[in-house]
Structures are given as structure tokens and as C-alpha cells.
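Observations on the three-dimensional arrangement
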Amino acid sequence: MTEWRPSAGLEALRRRAELLGAIRTFFAERGVLEVETPVLSVYGATDPHLDSFCTRYTGPGAAAGRAMYLQTSPEFAMKRLLAAGSGPIYQICKAFRNNEAGRYHNPEFTMLEWYRPGFDYRSLMVEVDDLLRGVLNTPPATLSSYAALFAHHLQIEPHSASIARLRDCAADHGIQVSASLGEDRDGWLTLLWSHLIELHLGGGGRPQIVCDYPVSQAMLARVRPGEPAVAERFEVYIDGVELANGFQELQDSAEQRRRFEENCRLRRMGSMPEMSMDERLLAALAHGLPACSGVAVGLDRLLMLKLGAGELREVLAFPFDRA
Amino acid sequence: MATFSTNEFKSGLKVMLDGDPCAIIENEFVKPGKGQAFNRVKIRNLKTGRVIERTFKSGENLEAADVVDTDMQFLYNDGEFFHFMVPDTYEQFASSPANVGDAAKWLKGQEMCVVTLWNGQPLAVTPPNFVELTVTDTDPGVRGDTSGGGGKPATLETGAVVRVPLFIDIGDVLKVDTRTGEYVSRAKT
């Protein structure tokens, strides 16, 4: 029989509508402007751990057709608005990530992303906590550094530990992993993180914010020099589920270009499709991005936690296998 | 040889791992928003029956294992091999006691079993969920005791020993659940 029914109950759909309403009220009261930016772009994600969906536009301006990519997040377009002087902005939109499907992943998902000029990332953490307390009724969040969590759970210093040390730690904990991880240091860190640490984060429904990531995982966050230098990046976990990722945003256009180039190098090494770097973002950064922090929250996961559901499909009207 | 990528992993898929045929039991996709994706897999070694956990980098491939489950009738044990036959084709297979494993203690002949073939050779034997076997030895039955409390060991015609209620006697035919090794009832005769 052809499966046409939704996988989420009508109650979940009603709660989703309520959640969206509560979020819009939260930002309206704080004077944050709701915006919309294109879902389709000529640029895809260069990040080697993101796989953009690709489609084709044919028509006026592109008679022979042109590749277009579905956004993996609205980040670049929103930063162009910030550079143009938009002030604080938020967006609720669909994001698309190929190759990601599972209990906590759907290839298309709903993202809430917002930016706060003048906020450092710690102020933004407070605002994220305010939002969670408002819409999820959570107790106040706790804060730990990435390094403190590695030290606490695994007795490892993640900023300096050798690959051999990380590999031994995985073996000591009975994690058998295929050999192809090789010399990918961040791959080993992610392995330990996802198998041994993540599940302990945000237990009992109390949000746990993790901050100050290894520089190699800075993505689009600013790096704070020091011993060790750290990426001013944070994530939020509740009941072991990754819910949000935020940055003290990188403003330096030249540094952003270097990171894009490094992404492209890693993509070539891994025989992944080559992606052009977003020159429009780089031009906006060169023009001047105000000092700001930004964060993205997975709204389907938020709703899942709100309803006590065990997997995303319980809160999606039509998950990917019914789309 | 066919291969399966992590994107094809699902429960029941038969793959080769460390040179042994295995069956995937559980597959979970794990990926941080910004980082390497993994598949955490629970997998059963079909030779040893052991279940292990293994993590794969998403996108990796495993060789397919040529493993098929076939319904076969157990014919007889010649002292060296257990002989099975596919009823439709009369094709016969001989399996070593090691591969028959624990199933042997429930088999007297005629039972329909599932024989797992790897590269055309028997790898494992799953007996029927329920078998009916005659008691060949047990302490004398205690008439009237149907309380089910206590119990005693009883040896069955295949040599298997199961725990039975006190009222069971030599010569009784018992229904036994082979998955748990537990007595179910006296067979209706």
C-alpha cells in the first residue's frame, strides 16, 4: 500500500505551530527583524562535512542551464544583510543537507538562525538560554568548555593530544572503528565526542552549553589567541541531542578566504565534489561585517525534545521517506 | 564481488567483516552538525554468533557476504555429519556438528530447520521454535502435583536436559521452546 499518511500526529503539528508562534513573539519583543533569504544559491557549501543538494536552473539569464545549490544554512545570505546594515535579524527556514538521514537527521529540516550585532558569543549564549527557558521551560543552562568535558570524561587534553593518544583512548573504550580515519585528527575527536561524551550532555533536560572548540573546528567562528588558542564557538545540548551551534562571527575577509581555501583543499583530498567559494559573502566581509554573534537552532529537534519524542519523524508531517 | 556502502546498511544485511560473514542487527547514523559522519553498527558474526559493535566512517563500503537462509529438513546424523535436505529439490547438505551447534540437541529427524548457507556451505542451523520430544529419564512423577513449583530435570530422547514440573514421567512427550530451552507443556497426543 502506498504510504500517504503523515508520520507525526496532529497534536505534534499543532505544537509546532505554537512553537513557531512563541519564537516569533520572542524576537518581536526584542526588536529582532524577521527576514527571508534565497534557499537556492549559485554557491554551495565548501565545508567538507556538508553535502549540498544540487539542482539546475534553465531560463532567462541561463539559456544553457546553470547549477544551483539548496542552502545548508542561511548563514552567508544573512551575513550579507548584516553587512548592509540590517541590525539584529532572524530567520526560520528550511535547510538541506544531502547524505544525512537517521533518527536525528532528515535531509531537509527547519532551522532557526539569528544574528546579534554588538553581542559577544557569551551574551548570545544567555539569549539562547532565555529562548529555551521560554519555549521549552528548561532550567537555566550550564556551561562547560570543550576541553573541560574531554578532561572530565576521558582525561584527555583535546587541543594538544596526539592522534595516537586519541586512537588509544577509543580502543581503551572498546570503540572499534574502521582504519580509514587515519590521520584525520578532528575525525578522531569527533569519534570520541559522539561515542563517549555527547550522550552525557544536557542530562535531565537541563541545557548544557559547550564552548571554545579546537581551532581546527572553528568553521566560521573567530579564533581567540592564547595557550591554547580556541575557536569562539558554542553548541547547546539537551538530553544528549545537539540542538544549536553558535559563533562569535569571523569578520576578517582574508581569514575567511583562507578557511574556504582549506575547505577546498580537504574536498580535493577526499575526492569530494569541488565547490566554489561564496564571493558575495567575501565581498560583504571586505565591506565590513559588524562585530556580531550568530546561532542556528534545529527546530525539529527542539520540537522533538518539547514533546518527549524519540526521533525526528514523530514531529515531521512527512519525513524524507514519505516526501 | 558486490559491496554495500554505509548508505545501504540496514538490519538483516549480510556483509563480510574481518573475513567472517556477519549480519547487521542495528545501524545508527551519527553526525554532528559540523563534523565527520559515522555509522554505529551492531553486527552479529554468523560463525560465532557473537554480537559486536563497530563504527564506520560514513561512505565506507563492506563486501557483501554470500549468505542465504534456506528451509531444510533434518534427515539424520551419521556420527560425523548432520544431513539436511531441501524438500523442493531434494538437494542435500552435510553440516559439521560445530556448525549445527546447540541446535543438535533438539533434532531427532524430520524437523524443518533454517540452514544458513555461506558460499553454498552450511554455516549455522536454526531449529524450529518448538519441538516435541519424549522423556527418556527423570525422577518418578508426583501424581496430582500441578503446582509447577519446584520442578526437576528430565532427559529427552535427543539427550537434551530440560527443567520440567514434578508430575512429568518417563515416556511423556513434551513441547519445548528451543529459543529458551524451556518446557512449555505436555504434547497433546
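All of these numbers come straight from a predicted model, not from anything done at the bench. (Residues numbered from 1 in each chain as written. Chains lettered and ligands numbered in written order. Predicted model: local features only at pLDDT ≥ 70, side-chain atom pairs only at ≥ 80, totals over all residues.)

Observations concerning the overall build of chain B
A count of helical and extended segments in chain B gives one helix and 16 strands. For chain B, whose C-alpha radius of gyration is 21 Å, the value lies well above the compact-globule estimate of 16 Å for 189 residues. With the C-alpha coordinates aligned to their principal axes, the bounding extent of chain B is approximately 70 × 40 × 25 Å. Taken over 189 residues, chain B has a buried fraction of 25%. For chain B, restricting intrachain contacts to residue pairs at least 6 apart in sequence, the fraction spanning at least 24 positions comes to 45%. (Helix = DSSP H or I, 4+ residues; strand = E, 2+ residues; numbered from the N terminus. Rg over C-alpha atoms; globule rule 2.2 N^0.38 Å. Buried ≥ 20, exposed ≤ 12 C-beta atoms within 10 Å, placed from the backbone. Contact = placed C-beta atoms within 7 Å.)

Side note on the interface of chain A and chain B
Taken together, the contact between chain A and chain B spans 22 residues of the former and 17 residues of the latter. Of all elements in the fold, only helix 6 (185-197) and strand 11 (241-248) of chain A reach the threshold of two or more residues within the side of chain A that touches chain B. When the residues that make up the side of chain A that touches chain B are grouped by side-chain class, the tally is six nonpolar, twelve polar and four charged. (Nonpolar A, V, L, I, M, F, W, Y, C, P; charged D, E, K, R; others polar.)

Re the sheet that holds strand 4 (residues 62-70) of chain A
All names here are of chain A. Spatially, the three strands line up as an open sheet ordered 2-4-3, and their pairing is antiparallel. A strand with exactly one partner marks an edge of an open sheet, and here the two such strands are strand 2 (40-41) and strand 3 (54-59). Bridge count between strand 3 and strand 4: five bridges; the pairing is antiparallel. Its bridge partner lying in strand 4, R56 is registered against A67. (Pairing = 2+ DSSP bridges.)

Digging into helix 2 (residues 75-83) of chain A
Residue and element names in this part refer to chain A. Within helix 2, burial applies to E75, F76, A77, M78, K79 and L82. Summarising the contacts, the buried residues of helix 2 are in contact with strand 5 (89-96), strand 6 (108-117), helix 8 (279-288) and strand 12 (292-298). Phi for G85, located one or two positions after helix 2, is positive at around 95 degrees.

As for the environment of A:T72
Residues and elements named next belong to chain A. Assignment of secondary structure puts T72 in the loop between strand 4 and helix 2. Along the chain, T72 and M111 lie 39 residues apart, while their C-alpha atoms are 9.7 Å from each other. Those residues in contact with T72 that lie beyond four places of it in its chain are A45, L50, S52, A95, F96 and R97.

Here we look at the packing of helix 1 (residues 10-29) of chain A against helix 3 (residues 121-136) of chain A
All names here are of chain A. Close contact between helix 1 and helix 3 brings their axes to 10 Å; oriented N to C, the two are set at 140 degrees. Accordingly, the angle class assigned to the pair helix 1 and helix 3 is oblique. Both helix 1 and helix 3 take part in a crossing whose hand is right-handed. Residues L19, A22, I23 and F26 of helix 1 form the contact with helix 3, whose own contacting residues are L131, G134 and V135. Within the contact of helix 1 with helix 3, the residues separate by chemical class into six nonpolar, one polar and no charged. (Axes fitted to C-alpha atoms, helices over the stretch in contact; angles between N-to-C directions. Parallel < 35°, antiparallel > 145°, perpendicular 65-115°, else oblique. Left-handed = near helix turned anticlockwise from the far one by under 90°.)

Notes on the packing of helix 2 of chain A against helix 8 of chain A
All names here are of chain A. One way to put it is that helix 2 packs onto helix 8 with a least axis distance of 9 Å and a crossing angle of 30 degrees. On the basis of the axis angle, helix 2 is roughly parallel to helix 8. Once helix 2 is placed against helix 8, the crossing between them reads as left-handed. Mapping the contact onto sequence places F76, K79, R80 and A83 in helix 2 and R280, L281, A284, L285, H287 and G288 in helix 8. Residue composition of the contact of helix 2 with helix 8, by class: five nonpolar, two polar and three charged.

Brief notes about the confidence of the model for chain B
In the predicted model, chain B carries a mean pLDDT of 91, and the fraction of residues at 70 or more is 96%. Least confident of the elements in chain B is helix 1 (residues 97-100) of chain B, whose mean pLDDT is 90; most confident is strand 8 (residues 82-85) of chain B, at 96. (pLDDT = per-residue confidence, 0-100.)

Here's the deal with the nonpolar core
Taken as a class, soluble globular proteins show a tendency for nonpolar side chains to be buried jointly. Formed by 88 residues in total, the largest nonpolar core has its most connected members in A:V128, A:L192 and A:V297. When residues of this core are assigned to their parent elements, the largest contribution, seven residues, is made by helix 3 of chain A. Contacts of A:V297, omitting those with residues within four sequence positions, involve A:L112, A:L243, A:A244 and A:L302. Core analysis: the next-biggest nonpolar cluster, separate from the first, contains 21 residues, B:M72, B:L133, B:V135 and B:L156 among them. (Core = buried A, V, L, I, M, F, W, Y, C linked by C-beta atoms within 7 Å.)

As for unusual backbone geometry
Excluding glycine, a negative phi dihedral is what most residues carry, and trans is how most peptide bonds are arranged. All names here are of chain A. Residue P228 follows E227 across a cis peptide bond; omega there is 0 degrees. As for its position among the elements, P228 is in the loop between strand 9 (223-224) and strand 10 (230-238). Phi at N137 takes a positive value of approximately 60 degrees, unusual for a residue other than glycine. Mapped onto the fold, N137 is located in the loop between helix 3 and strand 7 (142-145). C-beta crowding within 10 Å serves as the criterion here: with 9 such atoms nearby, N137 is assigned to the exposed category. A positive phi angle, near 55 degrees, is found at S271, a position not held by glycine. By secondary structure assignment, the location of S271 is in the loop between helix 7 (253-269) and helix 8.

Here's the deal with the pairing of strand 16 (residues 182-186) of chain B
Within a regular beta strand, the side chains point alternately toward one face of the sheet and then the other, so they alternate between its two faces. All names here are of chain B. Of the strand pairs in this sheet, strand 15 (residues 173-177) and strand 16 are connected by four bridges, and their pairing is antiparallel. Note on strand 16: the bridge partner recorded for V176 is Y183. Turn length for the strand 15-strand 16 hairpin, with the two strands adjacent in sequence and antiparallel, is four residues, and the turn residue G181 shows positive phi of about 75 degrees.

A closer look at the sheet that holds strand 2 (residues 14-17) of chain B
All names here are of chain B. The strand order across the open sheet built from four strands is 2-3-4-5, with neighbouring strands paired in antiparallel fashion. Two strands lie at the open edges of the sheet, namely strand 2 and strand 5 (51-57), each paired on one side alone. On average, each strand axis in the sheet is inclined to that of its neighbour by 45 degrees, with strand direction left out of account.

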